[in-house]
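Here's the letter readout for the chains.
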Amino acid sequence: MHRRWIGALAAVFALSLLGAACGGDDTDADQGGSTTGGDTASETEDVGGADLTIADFFFSPKDLTVSDGGTITVFNNGETSHTFTTDDGAIDETLGAGEEVEVEISGVESQDFHCRFHSQMTGTLTVQ
Ligand SMILES: [Cu+2]
């Protein structure tokens, strides 16, 4: 009788140790999971975004493609002020020399864009 009780207590003690060990493993797994989530988020931004460089006096690239919901990073590499303006006026950003602005593309249709200061500066925006 006594041996059975001792055996049962030993089994419960052993199980509680296993439980503690499993708890530690779960914590490690959670940390790994959140790290993976962060990587996925940054990959999504890379896919949807685009870079547009403004120079004196042209856009580069002239044909710009961005995903709906993506961000265009516009940088004025010229020595004078320019604008990044869609033909429908939904986007109208003025950038001084050396300035950079991030423009979120949401609900914007594919269309041409231009610089309000220099009518010869034009490009085409494609929203996918
Ligand atoms: Cu300009």
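This part is about the sheet that holds strand β7 (residues 100–104). On the basis of which strands lie adjacent, the open sheet formed by four strands has the order β2-β1-β4-β7 and mixed pairing. Two strands in the sheet have a free side with no partner beyond their single neighbour: β2 (58–60) and β7. Direction aside, neighbouring strands of the sheet carry axes that sit 25° apart on average. Here five bridges tie strand β4 (residues 71–76) to β7, and the two strands are oriented antiparallel to one another. Bridge pairing in β7 links threonine 71 to glutamate 104.

This part takes up the environment of alanine 55. Mapped onto the elements, alanine 55 comes out in strand β1 (residues 50–55). Looking at alanine 55, the relative accessible area reads 15%, which means it is buried. For the pair alanine 55 and serine 81, spaced 26 residues apart in the sequence, the C-alpha separation amounts to 9.6 Å.

Moving on, we get to the coordination of the copper ion. Every protein donor of the copper ion is accounted for by His82 (ND1), Cys115 (SG), His118 (ND1) and Met121 (SD), and the metal-donor separations fall at 1.9 to 2.7 Å. Every donor counted, the four donor atoms about the copper ion form angles of 90 to 135° at the centre, which fits irregular coordination. Along the chain, the residues donating to the copper ion are arranged with the sequence spacing H-x32-C-x2-H-x2-M. A residue pair is termed long-range when its members are at least 10 positions apart, and histidine 82 in strand β5 (residues 82–86) and histidine 118 in the loop between β8 (111–114) and β9 (122–127) qualify at 36 residues. Taking the relative accessible area as the measure of exposure, histidine 82 reaches 0% and is therefore buried.

Taken in spatial order, the five strands make up an open sheet running β3-β9-β8-β5-β6, and their pairing is mixed. The open sheet is flanked by β3 (63–66) and β6 (92–95), the only strands paired with a single partner. With strand direction ignored, the average angle separating the axes of adjacent strands in the sheet is 20°. Bridging between β3 and β9 involves four bridges; their strand directions are parallel. Following the sheet pairing, threonine 65 is matched in β9 by threonine 126.

A few words now on the pattern of salt bridges. Enumeration according to the criterion identifies one salt bridge in this entry. Between arginine 116 and aspartate 92 there is a salt bridge, and its shortest N-O distance comes to 2.9 Å. Placement of arginine 116 in the loop between β8 and β9 and of aspartate 92 in strand β6 is noted, with a sequence separation of 24 residues between them. Aspartate 92 sits in the partly exposed class, given a relative accessible area of 39%.

Criteria and thresholds
- Residues numbered from 1 in each chain as written.
- Predicted model: local features only at pLDDT ≥ 70, side-chain atom pairs only at ≥ 80, totals over all residues.
- Heavy atoms only, no water.
- Pairing = 2+ DSSP bridges.
- Helix = DSSP H or I, 4+ residues; strand = E, 2+ residues; numbered from the N terminus.
- Axes fitted to C-alpha atoms, helices over the stretch in contact; angles between N-to-C directions.
- Buried < 20%, exposed > 50% of the residue type's maximum accessible area, 1.4 Å probe, protein only.
- Donors = N, O, S within 2.8 Å, 3.2 Å for Na, K, Ca; no water.
- Tetrahedral: all angles 85-135°; square planar, octahedral: opposite > 155°, others 65-115°.
- Salt bridge = Lys/Arg side-chain N within 4 Å of Asp/Glu carboxyl O.

So yeah, pure geometry; function would need other evidence.
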